[in-house]
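So you can see what is in the structure, the chains are spelled out below.
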Amino acid sequence: MQRIIFATGNQGKMREIRRILENLTIKGELTQILSMKDAGIDIDIEENGTTFEENAVIKAKAVGAEAKDAIVLADDSGLVIDHLNGEPGIYSARYMGEDTSYRIKNASLIERLSGVEDEKRTARFVCAIAAAMPDGTVFTETGTIEGRIGYEEKGENGFGYDPIFYVPEYGKTTAELTEDEKNEVSHRGKALRAVRKRLEENV
Ligand code: ITT
């Protein structure tokens, strides 16, 4: 069975990833999707790239070096708010400190946009997925979803900044969408389905 190790310590990402890669078959073989923890890999990775793509490649290669014969995928993602010059961007996990709760991070972003009108509250989630193949080659795919920053937290689903990310087409935040609805339109869903297609067609 072809093993795919997903280089993430983020449980919210992992749940979405498992669903999007369900029943992925490569060369007629069903794949097994493992988290880093499942694979027994416990390393600290310094994400010192300057773009989502660079950081995804850094994570995929670092875990790839520990995992022979597996395909290693990594996700680097974040929330880009236009009015804040792209913040928190690649620093989304580190914004106000890794251990600060999202209730506090989300309240801070809403506060920083106080008085900003609807049209100027535009933002996007970006997700770069890097795939490190057993032969050492690496490729990336990126996906985005456009939305606006809300005025209060809404919804219980998802993780991170989902309760403040409002999607106009749905009239809901991504935390109010079901997991399948979110995966259908999300940055991660788009990037990961593109990766899935390349793995199914080209390996
Ligand atoms: P790994 O590096 O271990 O994968 P991480 O959480 O540190 O986990 P990132 O450096 O890629 O991952 O930071 C991504 C952050 O962006 C994440 O922690 C959330 O705060 C935010 N984010 C990304 N995708 C999101 C989504 O779908 N919904 C809500 N917030 C999201």
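Residue positions are given per chain, counted from 1 along the sequence in the order it is written. Where local features are concerned, this predicted model is filtered to residues with pLDDT of at least 70; where side-chain atom pairs are given and counted, the filter is 80 or more; whole-chain, interface and lining totals use all residues. Water and hydrogen atoms were dropped before computing side-chain values, which therefore reflect all heavy atoms in the structure.

A. Seen up close, the site of the ligand. With respect to spatial proximity, 21 residues lie near the ligand, and among them Thr-8, Lys-13, Lys-59, Tyr-102 and Lys-182 are the closest. Any pair of nitrogen or oxygen atoms within 3.5 Å is treated as a polar contact; in protein, a donor-acceptor pairing is required on top of that, and neighbouring residues in sequence qualify only through side-chain atoms on both sides. Within the contact set of the ligand, an oxygen atom lies 2.6 Å away from a side-chain nitrogen or oxygen of Thr-8. Take Asn-10: an N or O atom from its side chain is 3.0 Å from an oxygen atom of the ligand. Computed with the Shrake-Rupley method and a 1.4 Å probe, the accessible areas treat only the protein chains shown as cover for residues. Contact with the protein chains hides 92% of the accessible area of the ligand, taken as 610 Å² for the molecule alone. Here a residue is considered near a molecule or strand provided that any single heavy atom belonging to it is located within 4 Å of it.

B. Just the environment of Asn-202, in detail. Elements are defined by DSSP. Helices are runs of H or I of four residues or more, strands are runs of E of two residues or more, and each kind is numbered from the N terminus. With respect to the secondary-structure elements, Asn-202 resides in helix α5 (residues 187–202). It is 33 Å that separates the C-alpha atoms of Asn-202 and Tyr-91, two residues lying 111 residues apart in sequence.

C. Summary view of unusual backbone geometry. For the peptide bond that leads from Glu-87 to Pro-88, omega is -10°, which places it in the cis range. A positive phi angle, near 70°, is found at Asp-69, a position not held by glycine. Mapped onto the secondary structure, Asp-69 falls in the loop between α2 (52–64) and β4 (71–81). When accessible area is computed with a 1.4 Å probe and restricted to protein chains, residues below 20% of their type maximum are described as buried, those above 50% as exposed, and intermediate ones as partly exposed. Under the relative-accessibility criterion, Asp-69 is labelled exposed at 63%. Even without glycine at this site, Met-96 takes up a positive phi of about 65°. Among the structural elements, Met-96 can be located in the loop between β4 and α3 (102–112).

D. Geometry of α5. Every helix has an expected span of 1.5 Å times one less than the residues it contains. For α5, built from 16 residues, the straight-helix expectation of 22 Å at 1.5 Å per residue is met to within 8% by its first-to-last C-alpha distance of 23 Å. Buried within α5 we find His-187, Arg-188, Gly-189, Ala-191, Leu-192, Val-195, Arg-196 and Leu-199.

E. How the structure looks around the environment of Lys-13. Checked against the element boundaries, Lys-13 lands in helix α1 (residues 11–20). A relative accessible area of 8% means that Lys-13 is categorised as buried. Sequence separation of Lys-13 and Val-126 is 113 residues, and the distance between their C-alpha atoms is 13 Å. Reaching out from Lys-13, the side chain makes a polar contact with the backbone oxygen of Asp-75 at a distance of 2.9 Å.

F. Spatial organisation of α1. Within the span of α1, buried status applies to Gly-12, Lys-13, Met-14, Glu-16, Ile-17 and Ile-20. By definition, residues are in contact when any of their heavy atoms lie within 4.5 Å. Those residues of α1 that are buried are in contact with β1 (2–6), β3 (29–35), α2, β4, α4 (179–185) and α5. At the N-terminal boundary of α1, the capping side chain belongs to Asn-10, with an oxygen 2.9 Å from the backbone nitrogen of Gly-12.

G. The pairing of β4, seen in detail. Among the 11 residues in β4, 11 count as buried, and that is most of the element. The side-chain alternation of β4 yields two buried faces, one formed by Ile-71, Leu-73, Asp-75, Ser-77, Leu-79 and Ile-81 and the other by Val-72, Ala-74, Asp-76, Gly-78 and Val-80. For two strands to count as paired, DSSP must find a minimum of two bridges between them. Bridge count for β4 against strand β5 (residues 122–132) is 10 bridges, and the pairing is antiparallel. Across the sheet, Asp-76 pairs through a bridge with Ala-128, a residue of β5.

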